[in-house]
Amino acid sequence: MDPVTVVTGTMVPLWRADVDTDQIMPKQHLKRIERTGFGEFIFDDWRTDPDFVLNDERYANGNVLVTGPNFGSGSSREHAPWGLQQYGFEAIVSPSCADIFKTNCAKIGLLTVTLSEQACKRLVELATDDPATPVRIDLPEQTVVAADVHERFEIDPHTKHMLVNGLDAIGLTLEQDADIAAFEARRPAFMPTTPA
């Protein structure tokens, strides 16, 4: 996966609490056997409302979703983060995200940022008042800047390491390649080995 360091762009305001993974990626779209093509289905049930934010052309190029607390709750469907990323989102900003959702996002390089509810509401106000309001999320510095919002966020050091270095589970394992090779070299000859 690609490294995540600085995300710049514009915001899509979706101030709703307790948005679960079934609302993000409705169950009828989970039949695909590929891991691609989910972007067009995010919030599919809500998009029947012509006033839903993703139907507003002013937000067509928004790449940072700003939403309410407890985002991504519910079932552990990986399709929700896949769909959000494939739609074009590079970061999700909220007062809180479900742990399993955050983990699934980190595994594919989709940044989740936790800010105070007050800061998130201000970002939603900014994006609602002017959809072209620029936002800058700096992962190494752990900051979010947009107009009068200058906030620092916390992130698990392991997750930050994965994202900044573009490491998925395989990449993390390959970081230990020398240790794995040394371990295999020490194994007795009668024990099975892993082909190089």
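Here is a short report on the structure shown in this document.

**Concerning the packing of aromatic side chains**
Evaluation of the coordinates by the stated rule reveals 6 aromatic pairs. The interplanar angle of 10° and the centroid separation of 5.5 Å between the aromatic rings of F43 and W46 together place this pair among those described as stacked. Assessed through its relative accessible area of 1%, F43 is described here as buried. The exposure class of W46 is buried, given its relative accessible area of 18%.

**Notes on the pairing of strand β1 (residues 6-14)**
Direction of pairing for β1 relative to strand β5 (residues 134-138): antiparallel, over a ladder of 5 bridges. Counterpart to T8 in the pairing with β5 is R136.

**Thoughts on the sheet that holds strand β7 (residues 149-152)**
Across a sheet, paired strands are connected by hydrogen bonds in the backbone, their directions being either parallel or antiparallel. In spatial order, the strands read β4-β3-β2-β1-β5-β6-β7; together these 7 strands make up an open sheet with mixed pairing. In the strand order of this sheet, the two ends are held by β4 (111-114) and β7, each with one partner. Taken pair by pair, the neighbouring strands of this sheet meet at an average axis angle of 25°, ignoring direction. With 3 bridges joining them, β5 and strand β6 (residues 143-146) adopt antiparallel strand pairing.

**Some thoughts on the pairing of β7**
Judged from the 4 bridges that link them, β6 and β7 form a sheet pairing that is antiparallel. Looking at β7, one finds that V145 is bridged to H150. Connecting β6 to the antiparallel partner β7 that follows it, the hairpin turn spans 2 residues, and A147 within it adopts a positive phi of roughly 50°.

**Quick notes on helix α4 (residues 117-129)**
In an α-helix there are 3.6 residues to a turn, and that puts residues three or four apart on one side. Helix length check: α4, at 13 residues, gives a terminal C-alpha distance of 18 Å against a target of 18 Å (1.5 Å per residue), a fit within 8%. Residues A119, C120, L123, V124, L126 and A127 constitute the buried set of α4. The buried residues of α4 all sit within an arc of 160° when viewed along its axis, so they share a single face. Exposed residues on α4 whose side chains face more than 90 degrees from its buried face are Q118 and D129. Residues of α4 that are buried sit in contact with β1, β2 (64-67), β3 (91-94), β6 and β7.

**A word on unusual backbone geometry**
Positive phi is not limited to glycine here, since D18 has a value of about 60°. By the element assignment, D18 lies in the loop between β1 and α1 (21-24). The class of D18 is partly exposed, set by a relative accessible area of 46%. One non-glycine residue with positive phi stands out, namely N70, at about 60°. By the secondary structure assignment, N70 is in the loop between β2 and α2 (79-87).

**Structural notes on the nonpolar core**
Core analysis: the biggest nonpolar cluster contains 27 residues, and F43, L65, F71, L84 and F101 have the highest contact counts within it. For this core, the secondary structure elements donating two or more residues are β1, α2 and α3 (99-108). Excluding anything up to four places from it in sequence, F43 contacts L14, V19, Q23, I24, P26, F52, L54, L65, F71 and L84. Counting 25 residues, the second largest nonpolar core, distinct from the first, contains A91, V93, A127 and I155.

Definitions and limits used
Residues numbered from 1 in each chain as written. Predicted model: local features only at pLDDT ≥ 70, side-chain atom pairs only at ≥ 80, totals over all residues. Heavy atoms only, no water. Phe/Tyr/Trp six-rings, centres within 6.5 Å; stacked < 30°, edge-to-face > 60°. Buried < 20%, exposed > 50% of the residue type's maximum accessible area, 1.4 Å probe, protein only. Pairing = 2+ DSSP bridges. Helix = DSSP H or I, 4+ residues; strand = E, 2+ residues; numbered from the N terminus. Axes fitted to C-alpha atoms, helices over the stretch in contact; angles between N-to-C directions. Expected span 1.5 Å × (residues − 1). Arc of directions from axis to C-beta. Contact = heavy atoms within 4.5 Å. Core = buried A, V, L, I, M, F, W, Y, C linked by side-chain atoms within 4.5 Å.

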